[in-house]
Amino acid sequence: MNLNLAPTDLSNRRLLRAQLRKLRRSLSAVQQQQASLKVIKHLRSHPWYWSAQHIALYQAADGELNLAPLINVLLADKKMVYLPVLAKWPRTQMSFQRITADSCYQANRFGLAEPLSNASQQRSAWALDLVLMPLVGFDKQGNRLGMGGGFYDRAFASVRVKQPKLMGVAHSVQQVEQLTAAAWDVPLDAVLTEQQLTVFTTD
Ligand SMILES: Nc1nc2c(c(=O)[nH]1)N(C=O)[C@@H](CNc1ccc(C(=O)N[C@@H](CCC(=O)O)C(=O)O)cc1)CN2
Ligand SMILES: Nc1ncnc2c1ncn2[C@@H]1O[C@H](COP(=O)(O)OP(=O)(O)OP(=O)(O)O)[C@@H](O)[C@H]1O
């Protein structure tokens, strides 16, 4: 897509978000399945994957790149796997719940499936090693556009000491010409699409 986004133009941000969500929903089931398999291959070829023990991902909805097949691979590779759960209060907070093959799920207030919350099996954002973050849009510098709730921005805003690797995940059609980061946007370390894994930071 060839769309530029001005930094503080919130109505533009909303419009772009709606267009990109429609675009990803229009992908075929075959395109979705192929994308799911390709990202597993790209991810497992990168050293960040092998050095990570605690990995967070998401349950896809709304045409998002479906990482469900990856969950089984992670468990087989003996990774500890986490999914986001939204807090009842404060409503802006999100935690990361450890899951296994036997975990149970329920719909959250946005209708997204999330694991049942169990505080003893949660991990702080800073203590994760790798976070696969759902994107609505991204550009070639690693600026991101999310669903607009600010959940990921808040969860990783103060994580500066031991920063997990933040890897955005999207279909390549969700790339836009340029997004200007909002002041609160946490920068991505990498973007993973069905085409490639692009790394923006070193070490
Ligand atoms: N699969 C997935 N899980 C995720 C996220 C995501 O982007 N993808 N999130 C990433 O942050 C968090 C949820 N964030 C969300 C932020 C806004 C809306 C939203 O505005 N949804 C509706 C409005 C519905 C309503 O208000 O009832 C919409 O589709 O317009 C949904 C989820 C945590 N879990
Ligand atoms: N660190 C923060 N502290 C407080 N509010 C924040 C913080 N980060 C983001 N927000 C708020 O969250 C709202 C949504 O931000 P933005 O539009 O960048 O969401 P997003 O990055 O698309 O969503 P997400 O992070 O859920 O993927 C903004 O209006 C902003 O005020």
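From a predicted model like this one, the values you see are computed outputs, not experimental measurements.

## Some details on the UniProt feature "binding site: substrate" (unreviewed entry) in the chain
Item 1. In this structure's numbering, the residues bearing the UniProt feature "binding site: substrate" (unreviewed entry) are E64.
Item 2. Mapped onto the elements, E64 comes out in the loop between β2 (54-56) and α4 (68-76).
Item 3. With a relative accessible area of 11%, E64 lands in the buried category.
Item 4. When near neighbours in sequence (up to four residues on either side) are disregarded, E64 contacts R24, Q32, Y58, Q59, P134 and H171.

## Focus: the site of ligand 1
Item 1. Around ligand 1, the surrounding shell holds 14 residues, and the nearest of these are R21, Q59, E64, F110 and M147.
Item 2. Within the side chain of R21, a nitrogen or oxygen atom sits 2.7 Å from an oxygen atom of ligand 1.
Item 3. Between ligand 1 and E64, the relevant distance is 2.7 Å, taken from a nitrogen atom to a side-chain nitrogen or oxygen of the residue.
Item 4. When ligand 1 sits alone it has 690 Å² of accessible area, and the protein chains cover 69% of it.
Item 5. Listing elements by their share of the shell around ligand 1, those giving two or more residues are β3 (80-86) and α5 (151-157).
Item 6. When the residues that make up the shell around ligand 1 are grouped by side-chain class, the tally is 10 nonpolar, 2 polar and 2 charged.

## Details of the pattern of salt bridges
Pairing is possible between side chains that carry opposite charge, provided their charged atoms lie close to one another.
Item 1. Applying the stated criterion to the full structure yields 8 salt bridges.
Item 2. Salt-bridge contacts for R144 lead to D153; the nearest nitrogen and oxygen are separated by 2.9 Å.
Item 3. When salt bridges with common partners are traced through the structure, they connect R21, R24, R25, D62 and E64 into a single cluster.

## Side note on unusual backbone geometry
Item 1. Omega for the bond connecting W89 with P90 falls within 30 degrees of zero, at -10 degrees, which places this linkage in the cis form.
Item 2. Counting through the fold element by element, P90 comes out in the loop between β3 and β4 (94-99).
Item 3. Located in the positive-phi region is D62, a residue other than glycine, with phi close to 60 degrees.
Item 4. By the secondary structure assignment, D62 is in the loop between β2 and α4.
Item 5. For K78, which is not a glycine, the phi torsion comes out positive at approximately 65 degrees.
Item 6. You can see K78 is positioned in the loop between α4 and β3.

## Here's the deal with the pairing of strand β11 (residues 165-169)
On any regular strand, side chains alternate: one points to one face of the sheet, the next to the other face.
Item 1. For β11, a buried count of 5 out of 5 residues is recorded, marking the element as mostly surrounded by other parts of the structure.
Item 2. The two faces of β11 match: K165, M167 and V169 on one face and L166 and G168 on the other face are all buried.
Item 3. Strand direction decides the pairing type here: strand β8 (residues 130-134) and β11, joined by 5 bridges, are parallel. Among the inter-strand pairings, V131 is bridged to a residue of β11, identified as L166.

Each value, and the rule that gives it
Residues numbered from 1 in each chain as written. Chains lettered and ligands numbered in written order. Predicted model: local features only at pLDDT ≥ 70, side-chain atom pairs only at ≥ 80, totals over all residues. Heavy atoms only, no water. UniProt positions renumbered as here; feature names shortened; annotations may be inferred. Helix = DSSP H or I, 4+ residues; strand = E, 2+ residues; numbered from the N terminus. Buried < 20%, exposed > 50% of the residue type's maximum accessible area, 1.4 Å probe, protein only. Contact = heavy atoms within 4.5 Å. Near = heavy atom within 4 Å. Polar contact = N/O pair within 3.5 Å; in protein donor to acceptor, adjacent residues only side chain to side chain. Areas by Shrake-Rupley, 256 points an atom, 1.4 Å probe, with all protein chains shown as cover. Nonpolar A, V, L, I, M, F, W, Y, C, P; charged D, E, K, R; others polar. Salt bridge = Lys/Arg side-chain N within 4 Å of Asp/Glu carboxyl O. Pairing = 2+ DSSP bridges.

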